[in-house]
Amino acid sequence: MKIALGTVQFGLDYGVSNAAGRVPAEEVTRILDGAETAGVRVLDTARAYGGAENLLGAMHASERFGIVTKTAPLGAGGVSDVAAHIEESIAALGGSPVYGLLVHSASDLLGDQGAALAALLMRLRSEGTVTRIGVSAYTAEELFAALDVLDADLVQVPVNVFDQRLVTSGALAELKKRQIEVHGRSAFLQGLLLMDPASLPAYFAPIRDRIEQWRAFCDEREVTPLAAALGFVTGLCEVDQVVVGVETAEQLAQVVASAASLPTTDFAPLALNDPAYIDPSRWQVDR
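The shown structure was predicted, so the numbers you read here are calculated from the model rather than taken from an experiment.

Engineer: Got a minute to help me understand the packing of helix 4 (residues 78-93) against helix 5 (residues 114-127) in this structure?
Structural biologist: Packed helices, taken two at a time, are described by their axes: the angle between them and the distance between them. Where helix 4 meets helix 5, the axes come as close as 10 Å, and the angle between the chain directions of the two elements is 30°. By the angle between their directions, the pair helix 4 and helix 5 is classed as roughly parallel. The two elements helix 4 and helix 5 cross, and the hand of that crossing is right-handed. In this structure, helix 4 uses Val79, Val82, Ala83 and Ile86 to contact helix 5, whose residues at the interface are Ala116, Leu117, Leu120, Leu121 and Leu124. Looking at the contact of helix 4 with helix 5, its residues break down into 9 nonpolar, no polar and no charged.

Here it is as structure tokens:
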């Protein structure tokens, strides 16, 4: 199973299409049970995801899944504070070893303390506290700059039918050449690719025609937007896991059922290279 389960919704209200808010603990239990049954083997979380780590720890999720978590921001307290937060994360998740530890912001590796932060992660890996280390990045430029500092064996990057930058630039191919495990995130672009064009927030009005083109693309091939969006990312041989967040066990079942390979399809015409719309950190959306 190439699907990894994202857990940000377990700790925070998250996603442009999420009207229900944080997932209740009872529903998280149902989701985790369904994920295990379906063959999902990886959970993705972070210190920044509210109470997600604590909830996963309380549910003994590390006994059933490999867990990838991410560092707290490198702030005024420096690397020593990040180290303390890592200890808290590992304790909350149920103790070591943790499958993956990523620097949550690639920029933390590119400043004055980047070398010290990299040394911390590499030490934790050598000690067996974590199995793999790496970085979460938004662009190829910051990703490869971070990899010049950190000897990583795992990265998380955005890739979807609108955001094909890492595919067309050859960045994904280069990562595989370096034998780095790749986790793709934002397969649904925070749910934007699954929304009815008529219900889009006003912010997306300038790309309404592209979203309508996307829906027509799916209709012509008689596939759902869910299956097509997921099929694009799972069909990339360079991507080892596709991180998908859900709010209900029923949504998870739909994802699993849709995670089949699509017939050969050219997604290139759907690429949208405007960061204002493919980078959710830039969105200005009232919820």
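Now, onward.
Engineer: Which parts of the structure should I look at to understand the packing of aromatic side chains?
Structural biologist: Any two aromatic rings considered together are summarised by their centre-to-centre distance and by the angle between their planes. Scanning all chains against the criterion turns up 7 aromatic pairs. With a centroid separation of 5.2 Å and an interplanar angle of 85°, the aromatic rings of Tyr203 and Phe204 are classed as edge-to-face. Grouping residues by exposure puts Tyr203 and Phe204 together as buried. Here the aromatic rings of Phe204 and Trp283 are separated by 4.9 Å at their centres, their planes lie at 90°, and the arrangement is edge-to-face. Within this pair, whereas Phe204 is found in the loop between strand 7 (181-185) and helix 9 (208-220), its partner Trp283 is found in the segment after helix 12 (275-278), the two being separated by 79 residues in sequence. The burial state of Phe204 is the same as that of Trp283; both residues are buried.

Engineer: Help me understand the packing of helix 2 (residues 25-38) against helix 11 (residues 249-258) in this model?
Structural biologist: Running from amino to carboxyl end, helix 2 crosses helix 11 at an angle of 20°, the nearest separation of the two axes being 8 Å. It follows that helix 2 is roughly parallel to helix 11 by the angle criterion. Between helix 2 and helix 11 lies a crossing of right-handed hand. Where helix 2 approaches helix 11, its residues Glu27, Arg30, Ile31, Gly34, Ala35 and Ala38 are matched on the opposing element by Ala249, Glu250, Leu252 and Val256. By residue class, the composition of the contact of helix 2 with helix 11 is 6 nonpolar, 1 polar and 3 charged.

What counts and what doesn't
- Residues numbered from 1 in each chain as written.
- Predicted model: local features only at pLDDT ≥ 70, side-chain atom pairs only at ≥ 80, totals over all residues.
- Heavy atoms only, no water.
- Axes fitted to C-alpha atoms, helices over the stretch in contact; angles between N-to-C directions.
- Helix = DSSP H or I, 4+ residues; strand = E, 2+ residues; numbered from the N terminus.
- Parallel < 35°, antiparallel > 145°, perpendicular 65-115°, else oblique.
- Left-handed = near helix turned anticlockwise from the far one by under 90°.
- Contact = heavy atoms within 4.5 Å.
- Nonpolar A, V, L, I, M, F, W, Y, C, P; charged D, E, K, R; others polar.
- Phe/Tyr/Trp six-rings, centres within 6.5 Å; stacked < 30°, edge-to-face > 60°.
- Buried < 20%, exposed > 50% of the residue type's maximum accessible area, 1.4 Å probe, protein only.

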